[in-house]
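Descriptive structure summary
For reference, the chains in residue letters:
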Amino acid sequence: MAPIPGSGLAKGLAVTLRTMTRKTVTEQYPDAQPDLAPRTRGVIGLFEENCTVCMLCARECPDWCIYIDSHKETVPAATPGGRERSRNVLDRFAIDFSLCMYCGICIEVCPFDALFWSPEFEYAETDIRDLTHERDKLREWMWTVPAPPALDPGAEEPKEIAAARKSAEKLAAQQTPPVTEPHADEQVRAAEGPTRAQGDSQQQTDQPRPSSPSSPSTSPPSDRPAAGDRSQPDPSASARPGTEPQPKQEGQE
């Protein structure tokens, strides 16, 4: 059966009429900014403080679009008698986005978290040579990097965050002078007062009391025999040589 002339045009007009009655889904860019996903690969941001010029990103880049220049700097010894150390200082970090294929290998291989994905995408240029952005521009894009997603409640704290927190707490403890409460010494003395008083009274109790002259129990011992004691000889008689002691008669004192 031969097609009816103009049937194709009628079908096309029918699709147009159905679409005209529906709500539009077109985003009015640039008047309205698009809502991008958190992991959008827009451009690469540089966190310069973490870069150690290890050159891993430039070596692993398949397009060789990363350019890094640096020089060595001597660091004096931290302690007397120590040896000096050398470190790399970053001079240039540039990425040619006309060659970049947004594979993300440089971000994955960076061992010090110096490169991050930024959702920024408005960096078009009229000249292809202007697509090579230096470290200043890459650092500006670093502040557009979204925060990482929250960890699970039972997840372990990242080692980097734990080390940074411990260093900050240690530095704050060194800078802050120790706070002493007023009258702390008086409170300590008041707490130790009853204990000391009790100990002093116990020591005084353990010491012997001074003897009084009126108590017979504490009188000093005497060499003279007591009255009526006949068992001991007379010391006066024994003191004279050649004489024998005579027994005493009853009733003689």
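Structure first, text after, so check above.
Residues numbered from 1 in each chain as written. Predicted model: local features only at pLDDT ≥ 70, side-chain atom pairs only at ≥ 80, totals over all residues. Heavy atoms only, no water.

Time to look at the layout of surface pockets. Approximately 1,100 Å³ is the volume attributed to the largest pocket. Around the largest pocket sit 25 residues that line it, and Phe116, Val145, Pro146, Pro148 and Pro149 are the ones nearest its centre. Counting residues per element, the ones that place at least two in the lining of the largest pocket are α3 (105-109), β4 (115-118) and α5 (159-175). No other element matches β4, which puts three residues into the lining of the largest pocket. (1 Å grid on protein atoms, 1.4 Å probe; cavity = no way out; pocket = protein on both sides within 12 Å on 5 of 7 lines; lining within 4 Å. Points joined across faces, edges and corners; volume = space filled by probe spheres on them. Helix = DSSP H or I, 4+ residues; strand = E, 2+ residues; numbered from the N terminus.)

Another point: the side chain of histidine 133. Its place among the elements puts histidine 133 in strand β5 (residues 132-133). With near-sequence residues (within four places) excluded, histidine 133 lies in contact with Phe93, Ala94, Ile95, Phe97, Tyr123, Glu125, Leu138 and Trp141. (Contact = heavy atoms within 4.5 Å.)

Examined against the element boundaries, serine 118 turns out to sit in strand β4. Here threonine 144 takes part through its side chain, which lies 2.5 Å from a polar atom of the side chain of serine 118. Once you skip the residues sitting within four places of it in the chain, serine 118 turns out to touch Thr40, Arg41, Gly42, Val43, Trp141, Thr144 and Val145. (Polar contact = N/O pair within 3.5 Å; in protein donor to acceptor, adjacent residues only side chain to side chain.)

Between tyrosine 29 and proline 30 the backbone carries a cis peptide bond, its omega angle lying at 10°. Within the secondary structure, proline 30 sits in the loop between α1 (7-20) and β1 (43-46). Phi at valine 53 takes a positive value of approximately 55°, unusual for a residue other than glycine. Despite not being glycine, tryptophan 64 shows a phi value in the positive range, around 50°. The exposed category is assigned to tryptophan 64, whose relative accessible area is 60%. (Buried < 20%, exposed > 50% of the residue type's maximum accessible area, 1.4 Å probe, protein only.)

With that out of the way, let us pick up the sheet that holds strand β3 (residues 85-96). Spatially, the three strands line up as an open sheet ordered β2-β3-β5, and their pairing is antiparallel. The outermost strands of the open sheet, each flanked by one partner alone, are β2 (66-75) and β5. Pairing of β2 with β3 involves 10 bridges; the strand directions are antiparallel. Paired with isoleucine 68 across the strands is phenylalanine 93, a residue of β3. The sheet strands contacting helix α4 (residues 135-142) are β3 and β5, and the helix crosses β3 at an angle near 85°. (Pairing = 2+ DSSP bridges. Axes fitted to C-alpha atoms, helices over the stretch in contact; angles between N-to-C directions.)

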